[in-house]
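Listed below, chain by chain, are the residues.
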Amino acid sequence: MMVRLQKVIAASGIASRRAAETMIRDGHVTVNGNVVRVLGTCVDPSKDHVKIDGRRVQPAEPEVFVLLHKPAGYVTTMDDPQGRPTVADLVPKVKVRVFPVGRLDYDTEGLLLLTNNGKVAQACVHPRFHVPKTYLVKVSGVCTDEEIRNLEDGIVLDDGMTAPATIRKSGKAKANSWLELTIHEGRTHQVKRMLEALGHRVMRIKRVRFGPLELGDLSVGVSRFATDAEANALRAVVHRTARTRSVREPVGSSDLQSSKPAGDTVPPRMRQTKAPANRIVRDTGRNARLASGNPRQPGQVVKGQRRARTRNG
Ligand code: URA
């Protein structure tokens, strides 16, 4: 890809864009051995040798965002000492090292982001950035409206009270319930622990949204690069703070609402469209209030003391 010379120099961290322009104008910069003084000159950082006063400018590593539909039965790590299948087996072999953003349990399926952008990764998982994560969850038994309200308002787990969540029920369940649950934290096994604290065993769990990303129709086991719009939305997460956002963010359209009622009906998004496969379908772009001193026990909700819904959780 052709990029402006001053941008290549600035991206390498050697100088600001403006200082790079001055270097170019003053004749300090060569491309493939030839002095270049024209500011609009474009180069291919992967092929052209750019030097400043004879010293090579190392091209910046390209930024990569990969969306993977993680199947159950894979560990969210790039390398497993126990030799189990890992998500690394399912992502494209790119030159740069990508790593998973947050973690999905071994038995959890759904949307997993992998990237080499540390700032985006950190913002996506840090509670301060309030990035929503939406899960479709099948639980044992019927979740009552009161239980749902309790989950939404926050319950006490062994590592503290959960922040407000958004929950939608899928129809009238008889034996098991399907829920669409949006949380803004990323504690270990959080969804399972929230539901188990109320006596509901999680039977199936699938993440369908992660911040600005949607799982959509990405088949199980398949990965793809983010579109330019998705990459821009991910970069924008870094610049957002909890203060700018409502706790009850709209979670967008939900198949759960349109899916058939009754306990065991599998919402359309849980249907496996394809068997796991190590392939990319398209390349459309470049790419917790801790209950300190809180006398409540994990899972307990004190009636009449539901936490006020605040904008910042
Ligand atoms: N919550 C869980 O319990 N498991 C996951 O994999 C993700 C969220």
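Residues numbered from 1 in each chain as written. Predicted model: local features only at pLDDT ≥ 70, side-chain atom pairs only at ≥ 80, totals over all residues. Heavy atoms only, no water.

Enquirer: Which residues make up unusual backbone geometry, and what are the values?
Expert: Residues other than glycine predominantly adopt negative phi, and peptide bonds predominantly adopt the trans conformation. Backbone geometry at His130 places phi at a positive 60°, although glycine is not the residue there. Note that His130 resides in the loop between α3 (118–125) and β10 (133–140). (Helix = DSSP H or I, 4+ residues; strand = E, 2+ residues; numbered from the N terminus.)

Enquirer: Can you tell me about the environment of Val8, naming the residues and giving the values?
Expert: Examined against the element boundaries, Val8 turns out to sit in helix α1 (residues 5–11). Remark: the alpha-carbon pair of Val8 and Val43, spanning 35 residues in sequence, is separated by 8.2 Å. With residues up to four places along the chain from it excluded, the contact list for Val8 reads Val3, Val43, Pro45 and Val57. (Contact = heavy atoms within 4.5 Å.)

Enquirer: Explain the pattern of salt bridges to me, and be specific about the residues and the numbers.
Expert: One pass over the full model with this rule turns up 15 salt bridges. For Arg224, the salt bridge is made with Glu230, and the minimal N-O distance between the two is 2.8 Å. The pair formed by Arg224 and Glu230 is uniform in burial state, with each residue classed as buried. One continuous salt-bridge network, built from bridges that share partners, spans Asp158, Asp159, Glu185, Arg187 and Arg193. (Salt bridge = Lys/Arg side-chain N within 4 Å of Asp/Glu carboxyl O. Buried < 20%, exposed > 50% of the residue type's maximum accessible area, 1.4 Å probe, protein only.)

Enquirer: Tell me about the confidence of the model for the chain, and name the residues and values.
Expert: Of all residues in the chain, 76% have pLDDT values of 70 or greater, and the mean over the chain is 81. With pLDDT under 50 throughout, residues 242–266 is counted as low confidence; its partners more than four residues away or in other chains account for 69 contacts. In this model residues 272–313 is a low-confidence stretch, pLDDT under 50, and it forms 109 contacts with partners more than four residues away in sequence or in other chains. (pLDDT = per-residue confidence, 0-100.)

Enquirer: Which residues make up the sheet that holds strand β5 (residues 50–52), and what values go with them?
Expert: Taking strand neighbours across the sheet as the criterion, the four strands line up as β3-β2-β5-β6 in an open arrangement whose pairing is antiparallel. Strands at the two margins of the open sheet, each flanked by one partner only, are β3 (34–35) and β6 (55–56). Across two bridges, the pairing between strand β2 (residues 29–31) and β3 is antiparallel. Residue pairing in the sheet places Thr30 in a bridge with Val35 of β3. (Pairing = 2+ DSSP bridges.)

Enquirer: Just give me the short version of the site of the ligand, but keep the residues and values in it.
Expert: As a matter of local geometry, the ligand sits amid Leu104, Asp105, Thr108, Tyr135, His189, Gln190, Val191, Lys192 and Ile205. The contact in question runs from an oxygen atom of the ligand to an N or O atom on the backbone of Gln190, over 3.5 Å. Within the backbone of Val191, one N or O atom sits 3.1 Å away from a nitrogen atom of the ligand. Out of a free accessible area of 240 Å², the ligand has 96% covered by protein chains. In terms of residue count, helix α5 (residues 190–196) provides more of the shell around the ligand than any other element does, three residues in total. (Near = heavy atom within 4 Å. Polar contact = N/O pair within 3.5 Å; in protein donor to acceptor, adjacent residues only side chain to side chain. Areas by Shrake-Rupley, 256 points an atom, 1.4 Å probe, with all protein chains shown as cover.)

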